[in-house]
Amino acid sequence: MSRTAYHPKIMTTQNTSPQYFQECRDALATEQAASLSATDNWSHVDKNKVHQDWDVLYKELSPLIQDSDATSPEVQSLIERHYKILSRFYTPSKQAYIGISLFYEENEDMRNFHNAYHPAMVSFLGIAIQHYSHQYL
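What counts, and where the lines are drawn
- Residues numbered from 1 in each chain as written.
- Predicted model: local features only at pLDDT ≥ 70, side-chain atom pairs only at ≥ 80, totals over all residues.
- Heavy atoms only, no water.
- Helix = DSSP H or I, 4+ residues; strand = E, 2+ residues; numbered from the N terminus.
- Contact = heavy atoms within 4.5 Å.
- Areas by Shrake-Rupley, 256 points an atom, 1.4 Å probe, with all protein chains shown as cover.
- Salt bridge = Lys/Arg side-chain N within 4 Å of Asp/Glu carboxyl O.
- Buried < 20%, exposed > 50% of the residue type's maximum accessible area, 1.4 Å probe, protein only.
- Core = buried A, V, L, I, M, F, W, Y, C linked by side-chain atoms within 4.5 Å.
- Axes fitted to C-alpha atoms, helices over the stretch in contact; angles between N-to-C directions.
- Parallel < 35°, antiparallel > 145°, perpendicular 65-115°, else oblique.
- Nonpolar A, V, L, I, M, F, W, Y, C, P; charged D, E, K, R; others polar.
- Polar contact = N/O pair within 3.5 Å; in protein donor to acceptor, adjacent residues only side chain to side chain.
- Expected span 1.5 Å × (residues − 1).

A. Here's a closer look at the overall build of the protein. Within the protein one finds six helices and zero strands. Secondary structure of the protein in N-to-C order comes out as α-α-α-α-α-α. When contacts within the protein are restricted to residue pairs at least 6 apart in sequence, those whose partners lie at least 24 apart make up 73%. Of the roughly 7,400 Å² of accessible surface on the protein, 51% is carried by carbon and sulfur atoms.

Structure, rendered in structure tokens:
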């Protein structure tokens, strides 16, 4: 088990190759591009409501980061809500959803946005999303 500076109970994904993560990035890019094209840039989505719902979710998740395992049922229930909010845009595949977690980590604006809720939010989301994806998608 690998431990982070912020959260001693986050397990890193093991046995995941860089090639698999690239497949996830590619799936995200492909699925988002197709969805944007098919939906006139997600014109069907109430983006203000989505951002409000994510704000509520991240505020519920933040206090759990320090003392909860990202794979716990309580956290996974919140990740299920995250997935459902995201699915208002389009329904991502397992790989695309993992790609979202990579995007949160690799995009500076997204990393700063999420980590404003808690300094370990992106790391915690990464593990939680990867676990959710492998278990439920």
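B. Region of interest: the pattern of salt bridges. Counted under the stated rule, the structure contains six salt bridges. Glu 106 is the partner of Arg 25 in a salt bridge, and the nearest nitrogen-oxygen pair spans 2.5 Å. You can see Arg 25 sitting in helix H1 (residues 18-38) and its partner Glu 106 sitting in helix H4 (residues 94-106), a full 81 residues away along the chain. Under the relative-accessibility criterion, Arg 25 is labelled partly exposed at 27%. A relative accessible area of 44% places Glu 106 in the partly exposed class. A salt bridge links Arg 81 to Glu 60, with the shortest nitrogen-to-oxygen separation between them at 2.8 Å.

C. Structural view of the nonpolar core. In terms of nonpolar packing, the biggest core is built from 33 residues, with Trp 54, Ile 79, Phe 89, Tyr 97, Tyr 104 and Leu 125 touching the most fellow members. Counting only elements with at least two residues in this core, the list comes to H1, helix H2 (47-65), helix H3 (73-86), H4 and helix H6 (121-136). No other element matches the eight residues that H6 contributes to this core. The residues touching Ile 79, leaving out its near neighbours within four places in the chain, are Tyr 97, Leu 125, Ala 128, Ile 129 and Tyr 132. The next biggest cluster of nonpolar side chains, apart from the first, holds five residues, and it includes Tyr 20, Phe 21, Ile 98 and Leu 102.

D. Local environment of the packing of H3 against H4. Packing of H3 against H4 brings their axes to within 12 Å, and their N-to-C directions diverge by 95 degrees. On the basis of their axis angle, the class for H3 and H4 is roughly perpendicular. Of the residues in H4, those touching H3 at Ile 79, His 82, Tyr 83 and Leu 86 are Tyr 97, Ile 100 and Tyr 104. Looking at side-chain class alone, the contact of H3 with H4 contains six nonpolar, one polar and no charged residues.

E. Structural view of the side chain of His 82. Position of His 82 among the secondary structure elements: in helix H3. You can call His 82 buried: its relative accessible area is 0%. Within the structure, His 82 has its side chain in polar contact with the side chain of Tyr 58 (distance 3.2 Å). When near neighbours in sequence (up to four residues on either side) are disregarded, His 82 contacts Trp 54, Leu 57, Tyr 58, Tyr 97, Ile 100, Tyr 104 and Ile 129.

F. Region of interest: H2. An ideal rise of 1.5 Å per residue puts 27 Å on 19 residues; H2 measures up with 26 Å between its terminal C-alpha atoms. Listing the buried residues of H2 in full gives Val 50, Asp 53, Trp 54, Leu 57, Tyr 58, Leu 61, Ser 62, Leu 64 and Ile 65.

None of this, on its own, says anything about what the molecule does.
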